[in-house]
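Structural overview
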Amino acid sequence: MKRQVSLAEISDGRLYGENDMVRADCQGCKGCFQCCTGMGTSVILDPYDVFRLKQGLGEDLAQLLAKGQAQLNVVDGIILPNLSMAGPGERCAFLTGEGRCGIHGSRPGICRLFPLGRYYENGDFRYFLQTGECREKNRLKVKVGKWLDTPDTERYHGFVCSWHFFLNGLEEQVKGAEDSEPAKRLNLLLLQNFFLTPYDGERDFYQQYQERTERWEHQWEQKNG
Ligand code: SF4
Ligand code: SF4
């Protein structure tokens, strides 16, 4: 989800790459679980998150949706999945009774990133430190790439860029006609191709993403040809 605020308002004014050090390490959160509650629909999943959840839990998005752990919502005209926040305190579906993340190794990119955010420009992105979001004030310095807790940082960076600008293009396509039949078709195809068709947790994610991107181009061309 895009936020219409200036970087100066919400960050320390710096942009970071994966090799930079940033004061983001909240030292295990020390019992705090503030950013795992009350987040509404903002813990949005991308295809890599769905793949990681498959690897970690052995479950596809359809199963998470059926169990109410994930849900679908419209973001800028595009239907995307997000983790559910429910019940008293609006707790993440994966927050344990002890206030810990129950899927730490498979948690979505938004959770791995926090309190960093991404700033996109000129076909690329860098990270920024959100200064008002994390309750822990004595955060330690950590290398951005390490903080992301994601193997193969370079390929991950490429995927994040690709996915972001791909969604941007789709948002432009449906803008002003969100309820139209073509927009509905586009959303259905997107969901099916990138989210609901099960990922193989044993295979390379980026190869699967590439295959789905090619399939998308083929299918979308056919539907609009
Ligand atoms: S607000 Fe900071 S310390 Fe609290 S759970 Fe979130 S990241 Fe951890
Ligand atoms: S997946 Fe884990 S880290 Fe992310 S909001 Fe849920 S409990 Fe918190």
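This report concerns the structure included in the present document. Each chain carries its own residue numbering, running from 1 in the direction its sequence is written. Each chain is given a letter, starting from A, and each ligand a number, starting from 1, according to the order in which they appear as written. Totals for whole chains, interfaces and linings use every residue, but because this is a predicted model, local features are given only for residues with pLDDT of at least 70 and side-chain atom pairs only at 80 or more, for both listing and counting.

**Section: the overall build of the chain**
Each helix and strand in the chain was counted, giving eight helices and eight strands. Using C-alpha atoms as the atom set, the radius of gyration is obtained and then compared with a globule rule of 2.2 Å times the number of residues to the power 0.38. Taking 2.2 N^0.38 as the reference for a compact globule, 225 residues should give roughly 17 Å; the C-alpha atoms of the chain span a radius of gyration of 18 Å, in line with that estimate. Its C-alpha atoms give the chain principal-axis dimensions of roughly 55 × 40 × 35 Å. A residue is called partly exposed when the number of other C-beta atoms within 10 Å of its own lies between 12 and 20, exposed at 12 or fewer, and buried at 20 or more, with C-beta atoms placed from the backbone. Relative to its 225 residues, the chain shows a buried fraction of 21%. We call two residues in contact when their backbone-placed C-beta atoms lie within 7 Å. Pairs at least 24 residues apart make up 72% of the contacts formed inside the chain by residues separated by at least 6 positions. Runs of E in the DSSP output that reach at least two residues are strands. Runs of H or I that reach at least four are helices, and both are numbered from the N terminus.

**Some details on the environment of G31**
Structurally, G31 is set in the loop between β1 (21-25) and α2 (47-57). G31 sits in the exposed class, given 8 other C-beta atoms within 10 Å. When the C-alpha positions of G31 and R100 are compared, they lie 7.6 Å apart, and in sequence the two are 69 residues distant.

**Focus: the site of ligand 1**
Neighbouring residues of ligand 1: C26, C29, C32, F33, Q34, C35, F114, P115, C134, R135 and E136. Its residues assigned to classes, the shell around ligand 1 shows eight nonpolar, one polar and two charged. In this analysis a residue is considered near a molecule or strand if the C-beta atom, reconstructed from its backbone, is found within 6 Å of that molecule or strand. We call Asp, Glu, Lys and Arg charged. Ala, Val, Leu, Ile, Met, Phe, Trp, Tyr, Cys and Pro are nonpolar, and the rest, Gly among them, are polar.

**Brief notes about the site of ligand 2**
Looking at ligand 2, the residues that line it are C36, V43, L83, C92, F94, L95, C101, I103, R107, P108 and C111. Partitioned by chemical class, the residues of the shell around ligand 2 number ten nonpolar, no polar and one charged.

**Considerations on the nonpolar core**
Think of a nonpolar core as buried Ala, Val, Leu, Ile, Met, Phe, Trp, Tyr and Cys residues, each tied to the set through C-beta atoms within 7 Å. Counting 23 residues, the largest nonpolar core has V43, V50, F51, L61, A70, L83 and C92 as the members making the most contacts within it. Counting residues per element, the ones that place at least two in this core are α2, α3 (61-66), α4 (109-113), α6 (153-174), α7 (181-196) and α8 (205-224). In terms of residue count, the dominant contributor to this core is α2 (four residues). Other than its neighbours up to four places away in sequence, L61 contacts V50, A70, P81, F195 and L196. Core analysis: the next-biggest nonpolar cluster, separate from the first, contains ten residues, V22, L116, Y127 and V144 among them.

**Here we look at unusual backbone geometry**
Residue P115 is reached from F114 by a cis peptide bond, and omega for that bond is 10 degrees. The topology assignment puts P115 in the loop between α4 and β6 (116-121). With a phi angle near 50 degrees, D76 is a residue other than glycine that sits in the positive phi range. Relative to the assigned elements, D76 resides in the loop between β2 (70-75) and β3 (78-83). The partly exposed category is assigned to D76, around which 15 C-beta atoms lie within 10 Å. Of note, the phi angle at E90 is positive, near 45 degrees, even though the residue is not glycine. Tracing the backbone through its elements, the reader meets E90 in the loop between β4 (85-86) and β5 (91-92).

**Remarks on the packing of α7 against α8**
Direction vectors running N to C along α7 and α8 enclose 155 degrees, while the axes themselves pass 10 Å from each other. It follows from the interaxial angle that α7 and α8 lie roughly antiparallel. For α7 against α8, the interelement crossing comes out right-handed. On the side of α7, the interface is formed by R185, L189, N193 and F194, while α8 contributes R212, R215, W216, Q219, W220 and K223. Of the residues in the contact of α7 with α8, the class split is four nonpolar, two polar and four charged. For helices, the fitted line uses only the C-alpha atoms of the stretch in contact; every axis is such a line through C-alpha atoms, and the angle between N-to-C directions lies from 0 to 180 degrees. By the definition adopted for this analysis, an angle is roughly parallel if under 35 degrees, roughly antiparallel if over 145, roughly perpendicular if from 65 to 115, and oblique otherwise. What makes a crossing left-handed is the near helix being turned counterclockwise from the far one by less than a right angle; a clockwise turn instead makes it right-handed.

**Some words on the pairing of β6**
Following DSSP output, two strands are said to pair if at least two bridges run between them. Bridge analysis of β6 against strand β7 (residues 124-129) gives six bridges, and the strand direction is antiparallel. Following the sheet pairing, Y119 is matched in β7 by R126. Turn length for the β6-β7 hairpin, with the two strands adjacent in sequence and antiparallel, is two residues, and the turn residue N122 shows positive phi of about 50 degrees.

**Section: the packing of α6 against α7**
Running from amino to carboxyl end, α6 crosses α7 at an angle of 155 degrees, the nearest separation of the two axes being 10 Å. One way to sum up the angle between α6 and α7 is to call them roughly antiparallel. Note that α6 runs across α7; the crossing there is left-handed. Note on element contacts: α7 touches α6 through A183, L186 and L190, opposite L170, Q173 and V174. Each residue belonging to the contact of α6 with α7 can be placed in one class, and the counts come to five nonpolar, one polar and no charged.

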